Amino acid sequence: MSYEQYNNFTNPVTSQPVGNSPAPGATPINGVTIRPLQDTPTDAEFAGRLLVEAFRGKFAHNVTEQKLPATARYMAANNRGQTPAFYQRTLVAELEGVPVGLMQLKFHGDKNINTADDDIITSELGCWRTIRFSCLGLVFDGDVGLGKCYLDHICVDDSARGRGVGKVLLDRAEYEARQRQCHTIYLGVLTTNRAKGLYERQGYHVTSTWSMCGCLYCCIGPPGKIYHMEKPLSTNIP
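Quick caveat: nothing in here was measured; it's all calculated off a predicted structure.

Engineer: How would you summarise helix α4 (residues 68-78) if you had to cite specific residues and measurements?
Structural biologist: Within α4, eight of the 11 residues are buried, which leaves it mostly tucked inside the rest of the structure. Looking only at α4, the buried set comprises L68, A70, T71, A72, Y74, M75, A76 and N78.

Here it is, written out as structure tokens:
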């Protein structure tokens, strides 16, 4: 399915285009291009592997280090056969034609754009780890407010760090949010994550801090804190 076909997917959120500016990454920016995730074995494996590698600490705490390969296999399998909105919201960054980055956006009404196969995850992780893994999804699967865009996750392969991939992904996220008349884009980041500096340079600011205790501790890891960061958006684009 082409980029244009993905963008023809309509619902109350996506059917309000704004402006005529080209999408960041639609044409190469210092070798970086952005495209929707495709329902192919290659894309599915790439996205599953990169997500687990990028958030290794969280997944290792959740399912144990030993089960990380199984988790990556499950994530890859779960990237197949999803809804059109899932592929539209999940974007791949390529550097000189090689996939190196990934992000997923969520908008109002997007809570159920992807489904999970319980049989696959149970066979890969076992019952107890499946329960913990499911709780991880519940922690970050809240409703997105009307007029807001949630940057669910963004990650770049170590081989492409320092090449501007993250910046192009963030620019594309803002573009997609503005296209849907969003006035705010937001994300969560560990206080120890150096990516916070990139988000601040992009115009995000900390609005609150969450302590990792209770369910967050169980799902993510040792006690710590997460910054909730937001950026106001103007929909008045060319």
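So, next bit.
Engineer: Account for the sheet that holds strand β5 (residues 184-190), with residues named and values stated.
Structural biologist: Pairing between the strands of a sheet comes from backbone hydrogen bonds, and it takes one of two forms, parallel or antiparallel. With mixed pairing, seven strands are arranged side by side in an open sheet as β1-β2-β3-β4-β5-β7-β6. The two strands at the open ends of the sheet, each matched to only one other strand, are β1 (32-36) and β6 (205-211). Shown here is a sheet whose adjacent strand axes are inclined to one another by a mean of 25 degrees, direction ignored. Pairing of strand β3 (residues 98-107) with strand β4 (residues 148-156), which is carried by seven bridges, proceeds in the antiparallel orientation. The partner of M103 across the bridge, within β4, is I154. Docked against the sheet, helix α8 (residues 165-179) engages β1, β2 (90-95), β3, β4, β5 and β7 (225-232), running at close to 30 degrees with respect to β3.

Engineer: Which residues make up the nonpolar core, and what values go with them?
Structural biologist: Within the largest apolar cluster, 29 residues are counted, with the highest numbers of intra-cluster contacts made by M103, L151, V165, L169, Y199 and Y204. Contributions of two or more residues to this core are made by β1, β2, β3, β4, α8, β5 and α9 (195-201). With six residues, the single largest contributor to this core is α8. Excluding residues within four positions of it along the chain, L151 makes contact with M103, Q104, L105, L170, Y186, L187 and Y204. Counting 18 residues, the second-largest nonpolar core is a separate cluster that includes A47, A60, A72 and F86.

Engineer: I'd like a rundown of the packing of helix α2 (residues 41-54) against α4, residues and numbers included.
Structural biologist: Axis angle and axis distance: for two packed helices, these are the angle between their axes and the distance between the axes, and together they describe the pair. Where α2 meets α4, the axes come as close as 7 Å, and the angle between the chain directions of the two elements is 140 degrees. Taken as axis vectors, α2 and α4 run oblique relative to one another. Along this stretch, α2 crosses α4, giving a crossing that reads as right-handed. Mapping the contact onto sequence places A44, E45, G48, R49, L51 and V52 in α2 and L68, T71, A72, M75 and A76 in α4.

The rules behind the values
Within every chain, residues take consecutive numbers counted from 1 along the sequence as written. Reporting in this predicted model follows two pLDDT cut-offs: at least 70 for local features of residues, and 80 or more for side-chain atom pairs to be given and counted; totals over whole chains, interfaces and linings ignore these cut-offs and use all residues. Each side-chain value is derived from all of the structure's non-hydrogen atoms; neither hydrogens nor water enter the calculation. Burial classes: relative accessible area under 20% of the type maximum marks a residue as buried, over 50% as exposed, and values in between as partly exposed (1.4 Å probe, protein chains only). The helix count covers DSSP runs of H or I at least four residues long, the strand count covers runs of E at least two residues long, and both are numbered beginning at the N terminus. Here a strand pair is declared whenever DSSP counts at least two bridges between the two strands. To define axes, lines are fitted to C-alpha atoms, for helices over the stretch in contact only, and angles between the resulting N-to-C directions are given on a 0 to 180 degree scale. By the convention used here, residues are in contact when the closest approach between their heavy atoms is within 4.5 Å. Side-chain atoms within 4.5 Å are what join buried Ala, Val, Leu, Ile, Met, Phe, Trp, Tyr and Cys residues into a set we call a nonpolar core. What sets the label is the angle itself: under 35 degrees gives roughly parallel, over 145 gives roughly antiparallel, 65 to 115 gives roughly perpendicular, and the rest give oblique. For a crossing to be left-handed, the near helix must be turned anticlockwise from the far one by less than a right angle; the clockwise case is right-handed.

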